[in-house]
Amino acid sequence: MGFTVSSADMEAIALGGAFLGTGGGGDPYIGKLMAQAALDAHGPVTVTDVAEVPDDAVCVPVCMMGAPTVMVEKLPNGEEAAAALSALEAYLGTKVDYLICIEAGGLNSTIPFAVAAATGLPLLNGDGMGRAFPELQMVSFTLHEIKASPMALADDKGNTSILNAISNQWTERLARAQTVEMGGAALVALYPMTGAQAKQGLLRGTLGLIRELGESIAAERQANRHPGDALIRRCGGMQLCTARVVDIERHTTGGFARGRAVLKGLDEDQGRSFTLDFQNEFLCLEDGEGQPMALTPDLICALDADGGLPVTTEKLHYGLGLRLIGLPADPHWRSAGGLDLVGPGYFGYSHAFAPLETLNPTNTNT
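Residues numbered from 1 in each chain as written. Predicted model: local features only at pLDDT ≥ 70, side-chain atom pairs only at ≥ 80, totals over all residues. Heavy atoms only, no water.

### Observations concerning the sheet that holds strand S15 (residues 281-287)
Pairing is antiparallel across the open sheet formed by seven strands, whose spatial order is S16-S15-S14-S13-S12-S18-S17. Bordering the open sheet on either side are strand S16 (292-295) and strand S17 (299-304), each of which pairs with just one other strand. For this sheet, the mean angle separating the axes of adjacent strands, direction not counted, is 30 degrees. Looking at chain direction, S17 and strand S18 (residues 321-327) are connected through six bridges and run antiparallel. Bridging across to S18, Ala302 finds its partner in Leu324. (Pairing = 2+ DSSP bridges. Helix = DSSP H or I, 4+ residues; strand = E, 2+ residues; numbered from the N terminus. Axes fitted to C-alpha atoms, helices over the stretch in contact; angles between N-to-C directions.)

The structure is reproduced here in structure tokens:
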């Protein structure tokens with residue numbers, strides 16, 4: 001079933017998207033403000049079940065591409081996403097009927113609402129990842145042979161471009177180079193697809209889940225409870241560790257925010273150490289012996305150990321206490337094709353993928 005989203009709902013959507021975004025997708029605060037301003041100006045957005053979409057409808061995701069760290073200082077001017085969408089429509093010679101959220105991530109969970117409000121277009125209740133990943137070919141659409149290009153990019157200076165490539169991987173490589181030249185971040189419209197293709201490739205129900213998780217975080221905090229336990233129960237996840245950041249290496253290169261955080265255990269994890277690797281998103285958690293505790297594509301979600309708010313990679317800093325929660329990935333990603341696309345080997349880790357429940361057999365859902 002569909003539902004409507006107003007400005008008041010964006011607080012919960014930003015929270016839920018930041019949690020599922022595994023540290024990536026950009027600053028949720030920026031995206032929330034952009035969406036709230038658009039919703040206040042233009043009215044609520046309709047979120048539609050993909051089953052109700054005509055097979056010949058034109059459906060397009062809109063999102064931010066680049067390093068989340070760049071967006072902390074280089075805010076979008078608010079026109080880039082609409083410019084990218086208009087450029088793609090002009091190239092296709094047709095109007096878009098539905099918008100899609102490409103990933104569950106802080107900024108990328110909220111930007112589509114801003115564009116939907118400004119254009120009057122409905123959003124589909126789903127996404128292409130069920131979490132966030134750093135590269136644009138890392139979507140369920142690729143697994144269903146839906147092409148990323150033609151793709152439109154727009155920057156804050158008014159530049160737009162159209163990109164055609166021979167594969168989704170080449171679309172990523174060429175678009176990443178353009179994004180670096182655009183200042184490290186750009187707004188994009190890509191993966192134009194029919195309603196029939198969307199019914200095949202979309203991971204369904206994501207936007208409803210994001211809102212629900214955000215409402216749960218807010219309710220638990222209001223009741224002076226840490227939201228971690230409620231989120232674990234709702235998502236079928238598990239507690240990984242509670243720890244403090246004691247060292248962090250972070251650098252922005254090649255259009256990505258890459259780094260590693262060294263953690264020292266707190267509470268029941270006192271005396272233990274951990275390392276958390278990220279490339280825009282959290283990808284690998286190891287214990288002090290170098291043994292994996294959670295690996296991409298399973299989700300490593302970070303909450304502030306004290307306040308319970310989601311923590312993105314650009315917000316990591318020395319002394320921050322974290323509660324890390326693991327969630328099982330969508331079955332798409334645990335398949336052979338999914339692991340080729342987003343598994344540990346793709347990112348250069350020597351670990352073979354093993355599910356959370358295998359890596360942590362003594363951990364149980366709270």
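Moving on from the coordinates now.
### Points about the environment of Phe278
By secondary structure assignment, the location of Phe278 is in strand S14 (residues 273-279). Separated by 58 residues in the primary sequence, Phe278 and Glu220 have C-alpha atoms spaced 28 Å apart. For Phe278, the residues in contact, after removing those within four places along its chain, are Glu249, Arg250, Ala257, Arg258, Gly259, Arg260, Ala261, Leu283, Thr313 and Leu316. (Contact = heavy atoms within 4.5 Å.)

### A look at the pairing of strand S9 (residues 185-189)
Most of S9 is tucked away, with five of its five residues classed as buried. Side chains Ala185, Leu187 and Ala189 of S9 all project onto a buried face; the interleaved residues Ala186 and Val188 project onto the opposite face, where all are buried too. For strand S3 (residues 58-66) and S9, the ladder comprises five bridges, and the chain directions are antiparallel. Bridged to Gly66 within S9 is Ala185. (Buried < 20%, exposed > 50% of the residue type's maximum accessible area, 1.4 Å probe, protein only.)

### Some thoughts on the pattern of salt bridges
In total, this model carries 13 salt bridges according to the counting rule given. Put simply, Arg176 and Glu172 hold a salt bridge, and the shortest N to O gap is 2.8 Å. Placement of the pair is Arg176 and Glu172 together in helix H7 (residues 168-181), with a separation of four residues, close to one helical turn. Where Asp229 meets Arg323, a salt bridge forms, and the shortest distance between an N and an O atom there is 2.5 Å. In this pair, Asp229 is assigned in helix H10 (residues 228-235) and Arg323 in strand S18, connecting sequence segments 94 residues apart. By relative accessible area, which is 28% here, Asp229 ends up partly exposed. Taking relative accessible area as the criterion, Arg323 reaches 13% and is therefore assigned buried. Look at the salt bridges and you will find they share partners, linking Asp155, Asp156 and Lys157 into a network. (Salt bridge = Lys/Arg side-chain N within 4 Å of Asp/Glu carboxyl O.)

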